[in-house]
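If you want the building blocks of each chain, they are given just below.
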Amino acid sequence: MLVYPSSIDLSSRTLRFLTGQLTARRRALGTRWRRLSAARQALLALAHLRCGDTYAQLAAGFGIGIATVYRYIREAVEALSVLAPFLAEAMRTIRTKAFVILDGTLLPIDRVAADTPYYSGKHKRHGMNVQVLADPFGRLLWASPALPGSTHDLAAARQHGITEALADVGLKCWADKAYQGASGPIRVPFRGRRLKRWKRRHNTTHAKIRCQGERAMATLKGWRLLRKLRCSTNRITDVVKAVLVLQHASA
């Protein structure tokens, strides 16, 4: 049997948190017997999300069938995703920050060329667009539901209501050039090559502040499953929500 605890770079707090959620779910369902205990199921789900282990690898490592692995992982993701905060709920915490950093990322998926809505012309690959809000230190605060990769970052921010939510609380937000034209408190750098000196200084200062948002992206991509998703596009939002909840639980 494979030994996963040494290969999963997560605190024991995360494992205990997920174990507690699965235990409560089993009690609510009245489950009497499972092939794996709640703790082992939690470890299996973390191995999949954090390490990107396939169903076949997990089935061999935990001594269960592939279909059982699929059911256990789906159950864990569903139990976590319902705990993820909506934007309005997350704003209660976000509004206490001095400012926030907004950025978008593309989560690669295994789509084919015919799937046009999922193709990002910017990244030249298929994926799902996810918007991320980070605090001034680059800590992940909130991640949006996934949209097709062809969605522009500014369009995605507007569709999720991010610009309106930030404007309502009057919170300053730093973002990159992809959000040019955003109204309200979102601040973006100047575009162009031949800029005046004061504009170049502004862009330099802006980049120093906004670069902290890359830490939030690195945190999100640290969950290896998000580096190449092979599940249904309808489930990607639940996976992102589950990762967000686990990341907050380990903080």
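Residues numbered from 1 in each chain as written. Predicted model: local features only at pLDDT ≥ 70, side-chain atom pairs only at ≥ 80, totals over all residues. Heavy atoms only, no water.

**Structural notes on the side chain of threonine 163**
Test applied: The helix count covers DSSP runs of H or I at least four residues long, the strand count covers runs of E at least two residues long, and both are numbered beginning at the N terminus. Relative accessibility under 20% of the residue-type maximum defines a buried residue, over 50% an exposed one, and the middle range a partly exposed one, all with a 1.4 Å probe and only protein chains included. In protein, a polar contact means a hydrogen-donor-capable atom and an acceptor-capable atom, both N or O and within 3.5 Å, with residues adjacent in sequence counting only if both atoms are side-chain atoms; elsewhere, any N or O pair within 3.5 Å suffices. In this description, contact between two residues means that some pair of their heavy atoms is separated by no more than 4.5 Å.
Residue position: threonine 163 is located in helix α7 (residues 162-169). The exposure class assigned to threonine 163 is buried, which follows from its relative accessible area of 7%. Separated by 2.9 Å, the side chains of threonine 163 and glutamate 164 make a polar contact. For threonine 163, the contacting residues outside a window of four places in its chain are Ala157, Arg158, Pro185 and Ile186.

**Considering the packing of aromatic side chains**
Going by this rule: Any pair of Phe, Tyr and Trp rings, taking the six-membered ring for Trp, is counted once the centres come within 6.5 Å. Such a pair is stacked with planes under 30 degrees apart, edge-to-face with planes over 60 apart, and tilted for the rest. As a reminder, the over-ring test applies to NZ of lysine and CZ of arginine, requiring each to be within 6 Å of the ring centre and within 35 degrees of the ring normal.
Counted under the stated rule, the structure contains 3 aromatic pairs. For the ring pair phenylalanine 190 and tryptophan 198, a centre distance of 5.3 Å and an interplane angle of 80 degrees mean the geometry is edge-to-face. On the basis of relative accessible area, phenylalanine 190 is assigned to the partly exposed category, the value being 28%. Lying over the aromatic face of tryptophan 223, arginine 50 brings its terminal NZ or CZ to 4.9 Å of the ring centre. Above the plane of the ring of phenylalanine 190 lies lysine 199, whose end atom (NZ or CZ) is 5.0 Å from the centre.

**Here we look at the side chain of histidine 206**
You can see histidine 206 is positioned in helix α8 (residues 197-210). What histidine 206 contacts, discounting residues up to four positions off in sequence, is Trp174, Ala175, Arg187, Val188 and Pro189.

**As for the confidence of the model for the protein chain**
To keep it simple, the criterion reads: As a per-residue measure, pLDDT tells how confident the predictor is, with possible values from 0 to 100.
Taken residue by residue, the protein chain gives an average pLDDT of 88. The fraction at 70 or more is 94%. At the level of individual helices and strands, the protein chain shows its lowest average pLDDT in strand β2 (residues 119-120), which scores 84, and its highest in helix α4 (residues 66-81), which scores 95. This stretch, residues 1-9, has a pLDDT under 50; its non-local contacts, to residues over four places away or in other chains, come to 19 contacts.

**Quick notes on the environment of glycine 104**
As for its placement among the helices and strands, glycine 104 is situated in strand β1 (residues 100-108). Between the C-alpha atoms of glycine 104 and leucine 15, which are 89 residues apart in sequence, the distance is 28 Å. Contacts of glycine 104, omitting those with residues within four sequence positions, involve Val130, Gln131, Asp153, Tyr179 and Met217.

**Side note on the nonpolar core**
To be explicit about the condition: The set of buried Ala, Val, Leu, Ile, Met, Phe, Trp, Tyr and Cys residues whose side-chain atoms join them within 4.5 Å is what this entry labels a nonpolar core.
Grouped together as the largest cluster of nonpolar side chains are 50 residues, with contacts concentrated most on Leu18, Leu44, Leu226, Leu229 and Ile236. Contact partners of leucine 18, with chain neighbours within four places excluded, come to Ala42, Ala45, Leu46, Leu80 and Leu246. In this structure, Ile94, Leu102, Leu171 and Cys173 belong to the second largest nonpolar core, which totals 22 residues.

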